[in-house]
Amino acid sequence: MKYYSLNHNAPKVSFQEAVIQGLATDKGLYFPESITPLSKDFFENIENLSNSEIAFEAIKQFVGDEIPTETLKQIIAETLCFDFPTVKVEAGIYALELYHGPTMAFKDVGARFMSRCLGYFNKDKKDNKNTVLVATSGDTGGAVASGFLGVQGVEVVILYPSGKVSDIQERQLTTLGQNIKALEVNGVFDDCQDMVKKAFLDESLAHHNLTSANSINIARWLPQMFYFFFAYKQLKSQNKPLVFSCPSGNFGNICAGIMAKKLGLPIEHFVASTNVNDTVPRFLVEGNYDPKPSKATISNAMDVGNPSNFIRIQEMYNNDLEQFKKDFSSFSYTDEETLEAMKSIYKTDGYIAEPHGAVGYLGLKKELINHPNAIGIFLETAHPIKFLDVVEPALNITLPIPTQIESVLNKEKVSTKIKTYEELKAFLG
Ligand SMILES: *Cc1c(COP(=O)(O)O)cnc(C)c1O
């Protein structure tokens, strides 16, 4: 499979090159040259397939012959080492829980898949290391740190906005050591993201073989389509149209869902639910794309002013806004509305949603008015424990600490504070 740059001013590359480079030389995101829908047979028999078998069918055309079949199957099995249950919250509404992995957020899937692909591509290289440089607004850092820990030939440098991620999130990305380094940036997420983008284009850093592990990277982004298939498999027997609501920040998750639909997965409608960082909801109403600096909210993994993956979504709709709007809605919610939703979901349904999931729930409820016969699914993108500072006081409860989290709580934080791009360069050396 070849990948082209969405800025259309860079050579086409293989899967391997796209994974290693992250971003194309013209700063564009990579996009696959062709998308072939899966067979009718596959969807008719999906309930008889294991999650690993489903994932293999979904991803194989995007990898092509660049990873041997048995190795790819092994990578998928290691990626999907946990469950993806659809949990009934109330009549017609399910939470797709993506948080049962090692760092308790959906980003475990993409990070585990990508790290293992990179490990495979590096297996024969002796001194030609890759450096994964990644900006995180919260959960990416932990998932990348855990997913890449100990991977051969890969150094990981994680930039995060100082004081703007939760205590648990911070520990997950600052306590592992080995090949994982954390940089604490005096700024907001967009400052971290800008530094990372700048570093990729900086010739003087070429010797580091920098790559990204944000959903910019196709090996982080594409496997995120797997769990839309897993949800379908679980809910198929109800024979109803499906509406998915994704709490969205960089729009990688929802973009992967749209890719799943392109592969033939019957999804009736998508909702991109956001916090007050509402660039996309405004775009759908006003018709012009006008990114703003990000604002801090209680759903901080979605504090993104300029969502990287939106351009991929537009590509999948040939930039046809009218067609796009038939399949896609986007709504924005304040922190107050999010807290209210968390309380009412807990009180009425007995379900504990963290702030991102609650934003997803709100968008779903709104859209379902237009789809009375549908099943609605909101993605629960993180375990409530990762946002305990918000969840516990809002619901007046104490959450038990899961074992995955307990293991980082007593470890010592190690980070380097930086303010400027020059300091990042100096750190990389
Ligand atoms: C990253 C993240 C999101 C946003 O996902 P995108 O793919 O960037 O839109 C939502 N919720 C949580 C908990 C996250 O970590």
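Residues numbered from 1 in each chain as written. Predicted model: local features only at pLDDT ≥ 70, side-chain atom pairs only at ≥ 80, totals over all residues. Heavy atoms only, no water.

**What about the side chain of Asn 179?**
Here is the rule we go by: Strands are runs of DSSP state E lasting at least two residues, helices are runs of H or I lasting at least four, and both sets are numbered from the N terminus onward. By definition in these notes, contact holds between two residues if any of their heavy atoms fall within 4.5 Å.
Considering the arrangement of structural elements, one finds Asn 179 in the loop between helix 7 (167-174) and strand 8 (180-185). Look past the residues within four positions of Asn 179 in its chain and what remains in contact with it is Phe 148, Leu 149, Gly 150, Val 151, Val 154, Glu 155 and Val 156.

**Some thoughts on the UniProt feature "modified residue: N6-(pyridoxal phosphate)lysine" (unreviewed entry) in the chain**
We apply this condition: UniProt positions are given in the numbering used here, feature names are shortened, and annotations may be inferred rather than shown by experiment. The cut-offs for exposure are 20% and 50% of the maximum accessible area for each residue type, with area from a 1.4 Å probe on protein chains only; residues under the lower value are buried, those over the upper are exposed, and the others partly exposed.
The UniProt entry lists Lys 107 under the feature "modified residue: N6-(pyridoxal phosphate)lysine" (unreviewed entry), expressed in the numbering used here. As for its placement among the helices and strands, Lys 107 is situated in helix 5 (residues 107-121). Residue Lys 107 is classed as buried on the basis of its relative accessible area, which comes to 10%. In this view, Lys 107 contacts Asp 139, Thr 140, Ala 143 and Arg 220; residues no more than four positions away in its chain are not counted.

**Here's the deal with empty space enclosed by the protein**
Operational definition: Space inside and on the surface of the protein is sampled on a 1 Å grid over the protein atoms alone, with a cavity defined as a set of points where a 1.4 Å probe fits but cannot get out and a pocket as an open set with protein on both sides within 12 Å along at least 5 of 7 lines; lining residues have an atom within 4 Å of a point. Grid points are joined across faces, edges and corners, and a volume is the space filled by probe spheres set on the points. Each residue receives one of three labels: charged for Asp, Glu, Lys and Arg, nonpolar for Ala, Val, Leu, Ile, Met, Phe, Trp, Tyr, Cys and Pro, and polar for the others, Gly being one of them.
This model, assessed by the stated rule, comprises two cavities of 30 Å³ or more. Space inside the largest cavity adds up to approximately 260 Å³. Lining the largest cavity are 24 residues; nearest its centre among them are Phe 106, Lys 107, Gly 249, Asn 250 and Ala 301. Every element with two or more residues in the lining of the largest cavity is listed here: helix 6 (139-148) and helix 11 (252-262). Across the lining of the largest cavity, the residue classes tally to eight nonpolar, 13 polar and three charged. Of the voids in this model, the second largest cavity is the one considered here, and its volume is about 30 Å³. If you go around the second largest cavity, the residues you meet are Val 276, Asn 277, Asp 278, Thr 279, Arg 282, Lys 292, Pro 293, Lys 295 and Gly 305.

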